[in-house]
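Observations on the model geometry
Here are the chains, one letter per residue:
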Amino acid sequence: MYWLTAIVRPFKLSDVYERLLSDGVGGMTVTEVKGFGNQRADTEIYRGNAYTSRFVPKVKIELAVSEKDLERVVESIVESSQTGSPGDGKIFVYKLEQALRIRTGEVDLEAI
Ligand SMILES: Nc1ncnc2c1ncn2[C@@H]1O[C@H](COP(=O)(O)OP(=O)(O)OP(=O)(O)O)[C@@H](O)[C@H]1O
Ligand SMILES: [Mg+2]
C-alpha cells in the first residue's frame, strides 16, 4: 500500500475529484494549504495576478492506494491537474505500513 500526497492548484480540485472517483478510489482527504516551489511565490501567477505573498494557495489531496492502483492513480492526478504552467504542483509517494477501518476492524487492503 502507498500513501499519496498531491499538491495541486485549488481550481483543479473538482477535476481531480471526478477523475479519482471514476477510478474507484476508496476515499481521500483534502486540505487547503499554501506553499512555494522553484519559482518562489512572488513570481507565480494566481488567479491572473502576480502573487505578492510568500506562499501561494494550493490544495493538498491525500489518499491510500494499493500497489496495483498506484501507477494509474498517479497518472490520473497528473492528467487531471496539469496546465503546463509553473505551479502545477507535485506528487509525493510514501510506503504505507498499515490501514485500519475503525468501524469494522478491517485492515490494509480491506480497509482502503
Ligand atoms: N520540495 C517541495 N517540498 C514540499 N512541498 C513542495 C515542494 N515543491 C513544491 N511544493 C509544494 O507544491 C506547490 C507547487 O509547487 P510547484 O508546482 O510550483 O513546484 P516547482 O518545483 O516550482 O515546479 P514548476 O516549475 O512546475 O512550478 C508549492 O506551492 C508547495 O506547496
Ligand atoms: Mg513553481
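Before any of the text, the structure's been laid out above.
This structure is a prediction, so every number in the text was calculated from the model and none was measured. (Residues numbered from 1 in each chain as written. Chains lettered and ligands numbered in written order. Predicted model: local features only at pLDDT ≥ 70, side-chain atom pairs only at ≥ 80, totals over all residues. Heavy atoms only, no water.)

What to know about the pairing of strand 5 (residues 56-65)
Residues in a regular strand point their side chains to alternate faces of the sheet. Here is the rule: The buried label goes to any residue with under 20% of its type's maximum accessible area, the exposed label to any with over 50%, and the partly exposed label to all in between, with areas taken from a 1.4 Å probe on protein chains only. Runs of E in the DSSP output that reach at least two residues are strands. Runs of H or I that reach at least four are helices, and both are numbered from the N terminus. Paired strands are those between which DSSP finds at least two bridges.
Among the ten residues that make up strand 5, seven are buried, leaving the element largely enclosed by the rest of the structure. Strand direction decides the pairing type here: strand 1 (residues 2-8) and strand 5, joined by seven bridges, are antiparallel. Looking at the pairing, Leu4 lines up with Leu63 of strand 5. One ladder, built from seven bridges, connects strand 2 (residues 29-35) with strand 5; its direction is antiparallel. Note on strand 5: the bridge partner recorded for Val33 is Lys58.

Considering the site of ligand 1
This is how it is decided: Near, as used in this document, describes a residue that has one of its heavy atoms within 4 Å of the molecule or strand being considered. Under the rule applied, a polar contact is a pair of N or O atoms within 3.5 Å (in protein, one hydrogen donor and one hydrogen acceptor; residues adjacent in sequence only if both atoms are side-chain atoms). The protein chains shown are the only cover counted for residues, whose accessible areas, like all others here, come from Shrake-Rupley with a 1.4 Å probe. Any residue outside Ala, Val, Leu, Ile, Met, Phe, Trp, Tyr, Cys, Pro, Asp, Glu, Lys and Arg is labelled polar, Gly included; the first ten of those are nonpolar and the last four are charged.
As a structural note, the neighbourhood of ligand 1 is formed by 14 residues, with Asn38, Gln39, Gly87, Gly89 and Lys90 the closest of them. Separating an oxygen atom of ligand 1 from a backbone N or O atom of Asp88 is a distance of 3.5 Å. Within the backbone of Gly89, an N or O atom sits 2.7 Å from an oxygen atom of ligand 1. Coverage of ligand 1 by the protein amounts to 70% of the 600 Å² it exposes when considered alone. Among the residues making up the shell around ligand 1, the classes are represented as four nonpolar, six polar and four charged.

Concerning the sheet that holds strand 6 (residues 90-95)
Condition: Throughout, an axis means a line fitted to C-alpha atoms (over the contacting stretch in the case of helices), and angles, computed between N-to-C directions, take values from 0 to 180 degrees.
Reading across from one edge, 2-5-1-6 is the order of the four strands in this open sheet, with antiparallel pairing throughout. Of all strands in the sheet, those with a lone pairing partner are strand 2 and strand 6, marking the two edges. Here the strands of the sheet are splayed against their neighbours by 25 degrees on average, with no regard to which way each runs. Strand direction decides the pairing type here: strand 1 and strand 6, joined by six bridges, are antiparallel.

Topic: unusual backbone geometry
With phi around 55 degrees, Asp108 is a residue other than glycine that occupies positive phi space. If you trace the backbone, Asp108 turns up in the segment after strand 6.

Quick look at the nonpolar core
Formally: As used here, the term nonpolar core means buried Ala, Val, Leu, Ile, Met, Phe, Trp, Tyr and Cys residues forming a set that is joined through side-chain atoms within 4.5 Å. Any two residues whose heavy atoms approach within 4.5 Å are treated as being in contact.
One finds Leu4, Ile61, Leu63, Val65, Val73 and Ile77 to be the most contacted residues of the largest nonpolar core, which totals 13 residues. Secondary structure elements with two or more residues in this core: strand 1, helix 1 (13-23), strand 5 and helix 2 (67-81). Apart from residues no more than four positions distant in its own chain, Leu4 is found in contact with Ile61, Glu62, Leu63, Val65, Leu70, Val73, Val74, Ile77, Ile91, Phe92 and Val93.

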